[in-house]
Structure formats: structure tokens, C-alpha cells
Amino acid sequence: MPTTSGERFTVEAQSLPGATVLVTAGELDHDTAEPLRHALDAAWRDGGRLLVDLSRLDFCDSTGLNLLLSGRLAVQEAGGSLELIGLHPPVARMFHITGADRLFRVHPDMEAALDQPRRA
């Protein structure tokens, strides 16, 4: 599946049985968010399970958080779920401070995410 990249941020879409995975890396902010916006728009339409792997994300600002929150709503309206993988301390802190970590199902890694069934 396609990889979209900029100078500081990349997102790669992968199809797995039962899920679409968006693998992100780098710094997600106002200047780099467009590839994620396009990837989310393309991925949510089937109403399935969308896993967003943030394990290689070094930084995420409010723009990135808002994209993920908007994506979560769009996926839910289509009958699917958007779940996060691999929040590590710098990114996890922002999710915790804003309370967004309570809105998403968060998995420690890809293996754990794939071992868990999708929630309705």
C-alpha cells in the first residue's frame, strides 16, 4: 500500500486481514499533517478496523491530535473503529493531559492489537 512522506513525517498504509494499518513516523504537527489527513480519508471509508501505529512518532501537536479525533468520529460513523498502537512517553503525555487517551482503545504494540478483537 502507499507511503506518503514529507521531510519530517511519513505514513504508510498496510492492509492486514481484518484491519487497515497506518504506520506513522517522525514529527506530526501543523506543517506535516497533510499526509495523515489523506491517509485517514482513504482508510476510514470501509467502516472496518483502522489501527494507527504511533510507535515511531517522535512528536505530535494539537493538529495531529485533532486529526486523529476527527478520524475516530468518521470511522465510527461508518461503523468501524480507530485504535492506536504504541504511544510512547512524549506522545502519550499529550494524549493523557488532554484526556484523549480515554477516547481511544490503545494497544502497547501491533501484536497486542492484532490479538484483541475489534470492539463494536
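Residues numbered from 1 in each chain as written. Predicted model: local features only at pLDDT ≥ 70, side-chain atom pairs only at ≥ 80, totals over all residues. Heavy atoms only, no water.

Trainee: Hey, could you run me through the side chain of Thr32 in this one?
Mentor: Mapped onto the secondary structure, Thr32 falls in the loop between strand 3 (19–28) and helix 1 (34–43). Not counting chain neighbours up to four residues away, the residues in contact with Thr32 comprise Arg8, Phe9 and Glu27. (Helix = DSSP H or I, 4+ residues; strand = E, 2+ residues; numbered from the N terminus. Contact = heavy atoms within 4.5 Å.)

Trainee: Is there a simple way to explain the nonpolar core in this structure?
Mentor: Most often, soluble globular proteins have nonpolar side chains that are buried together. Residues Leu22, Leu36 and Phe95 are the most contacted members of the largest nonpolar core, which totals 26 residues. Secondary structure elements with two or more residues in this core: strand 2 (9–16), strand 3, helix 1, strand 4 (49–60), helix 2 (62–77), strand 5 (81–85) and helix 3 (89–98). Top contributing element to this core by residue count: strand 4, with 5 residues. Every residue in contact with Leu22, bar those within four places of it in the chain, is listed here: Val11, Glu12, Ala13, Leu36, Ala39, Leu40, Ala43, Leu50, Leu51, Val52 and Asp53. In terms of nonpolar packing, the next biggest core, distinct from the first, is built from 6 residues, Ala19, Leu51, Ile85 and Ala113 among them. (Core = buried A, V, L, I, M, F, W, Y, C linked by side-chain atoms within 4.5 Å. Buried < 20%, exposed > 50% of the residue type's maximum accessible area, 1.4 Å probe, protein only.)

Trainee: I would appreciate a short explanation of the environment of Leu40 in the present structure.
Mentor: Looking at where Leu40 falls in the secondary structure, it is placed in helix 1. We classify Leu40 as buried; its relative accessible area is 4%. The spacing of Leu40 and Leu68 is 28 residues in sequence and 8.3 Å in space, taken between C-alpha atoms. Residues contacting Leu40, with those up to four places away along its chain left out, are Leu22, Leu50, Leu67 and Leu82.

Trainee: Is there a simple way to think about the confidence of the model for the protein in this case?
Mentor: Reading fine detail from the predicted coordinates is not recommended where pLDDT is low. Chain-level pLDDT for the protein is 91 on average; 93% of the residues reach the 70-or-more range. Of all helices and strands in the protein, the one with the weakest mean pLDDT is strand 1 (residues 3–5) (58), whereas strand 5 scores best (97). (pLDDT = per-residue confidence, 0-100.)

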